[in-house]
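Chain residues, written in single-letter form:
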Amino acid sequence: MILFEDVSKMYRGAPKPALNNVSVNVGAGEFVFLVGASGSGKSSFLRLILKEERPSAGEIHVLGQDLRRIPSRKVPLFRRSLGVVFQDFRLLPQKTVFDNVAYTLRVIGKSPGFIHEAVPDILQTVGLAQKAKNYPHELSGGEQQRVAIARAAVNKPAIMLADEPTGNLDPATSAGIMNVLSRINASGTTVIMATHDSGIVNQMQRRVIEIAGGRIVRDEHEGGYETSAIPLGELDTAPIPIITENVDEPTPLPVAKTSDPDDVASAFPWELRA
Ligand code: ADP
Ligand code: MG
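Residues numbered from 1 in each chain as written. Chains lettered and ligands numbered in written order. Predicted model: local features only at pLDDT ≥ 70, side-chain atom pairs only at ≥ 80, totals over all residues. Heavy atoms only, no water.

With that out of the way, let us pick up the overall build of the protein. Along the protein, the regular secondary structure elements total 8 helices and 10 strands. Residue burial in the protein is summarised as follows: out of 274 residues, 50% are buried. For the protein, the proportion of contacts with a sequence separation of at least 24, taken over those separated by at least 6, is 69%. (Helix = DSSP H or I, 4+ residues; strand = E, 2+ residues; numbered from the N terminus. Buried < 20%, exposed > 50% of the residue type's maximum accessible area, 1.4 Å probe, protein only. Contact = heavy atoms within 4.5 Å.)

Considering the arrangement of structural elements, one finds T190 in strand β8 (residues 190–195). A relative accessible area of 0% means that T190 is categorised as buried.

Right, let's get into the sheet that holds strand β10 (residues 215–220). The 6 strands lie next to each other as β6-β7-β8-β3-β9-β10, forming an open sheet whose pairing is mixed. The sheet is open, and its two borders are formed by β6 (82–86) and β10, each paired with just one other strand. Sheet twist, expressed as the mean angle between neighbouring strand axes with direction ignored, is 15°. Judged from the 5 bridges that link them, strand β3 (residues 31–35) and β8 form a sheet pairing that is parallel. When the sheet's bridge partners are listed, F31 is paired in β8 with V191. Sheet strands in contact with helix α5 (residues 141–153) are β6 and β7 (159–163), and its direction is about 165° off that of β6. (Pairing = 2+ DSSP bridges. Axes fitted to C-alpha atoms, helices over the stretch in contact; angles between N-to-C directions.)

Let us look at the confidence of the model for the protein. For the protein, mean pLDDT is 87; residues scoring 70 or higher make up 82% of the total. Across residues 254–268 the pLDDT falls below 50, and counting only partners more than four positions away or on other chains, this stretch makes 23 contacts in the model. (pLDDT = per-residue confidence, 0-100.)

Looking at ligand 1, the residues that line it are Y11, A18, A37, S38, G39, S40, G41, K42, S43, S44 and R47. In the model, an oxygen atom of ligand 1 is placed 2.6 Å from a nitrogen or oxygen of the S44 side chain. Between R47 and ligand 1, the recorded distance is 3.3 Å, taken from a side-chain N or O atom to a nitrogen atom. Surface burial for ligand 1 is 59%, taken as the share of its 560 Å² of free accessible area covered by protein chains. Looking at side-chain class alone, the shell around ligand 1 contains 3 nonpolar, 6 polar and 2 charged residues. (Near = heavy atom within 4 Å. Polar contact = N/O pair within 3.5 Å; in protein donor to acceptor, adjacent residues only side chain to side chain. Areas by Shrake-Rupley, 256 points an atom, 1.4 Å probe, with all protein chains shown as cover. Nonpolar A, V, L, I, M, F, W, Y, C, P; charged D, E, K, R; others polar.)

Moving on, we get to helix α6 (residues 171–186). Here α6 spans 22 Å end to end across 16 residues, near enough to the 22 Å set by a 1.5 Å rise per residue. When we look at burial in α6, the residues that qualify are S174, I177, M178, V180, L181, I184 and N185. End-on view of α6: buried residues confined to an arc of 160°, all on one side of the axis. The exposed set on the far side of α6, more than 90 degrees from its buried face, consists of A172 and A186. Looking at the buried positions of α6, the neighbouring elements they touch are β3, α4 (112–125), α5, β7, β8 and α7 (198–204). Looking one or two places after α6, you find G188, whose phi comes out positive at around 115°. (Expected span 1.5 Å × (residues − 1). Arc of directions from axis to C-beta.)

Here we come to the sheet that holds strand β2 (residues 19–26). Spatially, the 4 strands line up as an open sheet ordered β2-β1-β4-β5, and their pairing is antiparallel. Here the strands that pair on one side only, and so sit at the sheet edges, are β2 and β5 (65–66). Pairing analysis gives 5 bridges linking strand β1 (residues 2–9) to β2, with the strands arranged antiparallel. Its bridge partner lying in β2, L3 is registered against N25. Each of β1, β2 and β4 (57–62) touches helix α1 (residues 42–49); the most contacted strand, β1, lies at about 120° to it.

Moving on, we come to the pairing of β3. With 5 of 5 residues buried, β3 lies mostly within the body of the structure. Every second residue of β3 is oriented toward a common face, with F31, F33 and V35 on one face and V32 and L34 on the other, all of them buried. The pairing of β3 with strand β9 (residues 207–212) spans 4 bridges and is classified as parallel. Within β9, the position partnered with F33 by the bridge is V208.

Encoded structure:
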């Protein structure tokens with residue numbers, strides 16, 4: 001479902017690769033924690049799956065497609081199979097909970113009939129059926145994140161990527177978020193969650209992929225958070241990957257040019273920069 005083959009990512013001007021020769025395979029229906037210190041390469045890993053960045057070397061296959069072979073104009077369509085959740089929620093402040101969740105569906109042309117079934121359904125799943133008419137500022141942080149998860153999950157994506165979704169939340173609230181992500185996973189969506197919350201990882205006992213200095217240093221089923229990171233000195237001696245040419249340019253996420261979210265109707269809400 002997600003396959004990395006000898007993937008390296010070298011940002012322009014960076015002294016070291018953000019990801020260094022990463023090979024990994026994530027199967028359909030898995031729940032995977034991506035753990036590692038800040039700067040270890042977790043977000044880069046997720047951005048590569050989204051085709052928000054392209055690898056400097058290696059191959060990435062997502063949902064059976066070689067990402068190099070997806071032309072830029074087809075990237076938005078490709079991303080419809082992916083739900084994304086961020087640490088900072090990125091809700092549209094002028095819209096109700098219902099409209100935040102419905103927004104993406106409207107952008108991609110779903111019928112009002114579909115929307116009026118799917119939105120209450122997913123709000124029920126995340127425990128916010130009673131808050132459909134509220135605005136984001138009327139919700140707690142945990143509730144806002146559950147709206148963001150509902151928005152990411154409403155179109156039943158094959159894959160959900162969550163980048164430190166509990167990073168701004170207290171432990172009790174985080175437990176609620178994990179409960180919701182577990183439910184989404186149980187409904188068939190593959191979930192990859194980047195985190196450095198050891199409490200959550202230990203409690204969930206799911207697959208754990210640990211990155212240190214851009215390399216996978218552990219890949220364990222039903223794992224916990226204990227680190228086995230190689231000392232950084234050893235990593236510094238690792239060979240710099242060979243940079244290969246790619247078929248096309250990466251497709252950066254569009255940035256909203258105005259404060260009116262409707263001006264970027266072709267963008268997904270999670271593509272709006274906070
Ligand atoms: P994490 O999410 O684990 O904190 P990142 O993937 O964000 O790690 O970063 C990995 C490394 O790549 C870090 O050294 C970071 O500074 C660097 N990096 C990330 N994004 C960029 C970028 N756009 N340009 C240059 N360097 C970057
Ligand atoms: Mg990160």
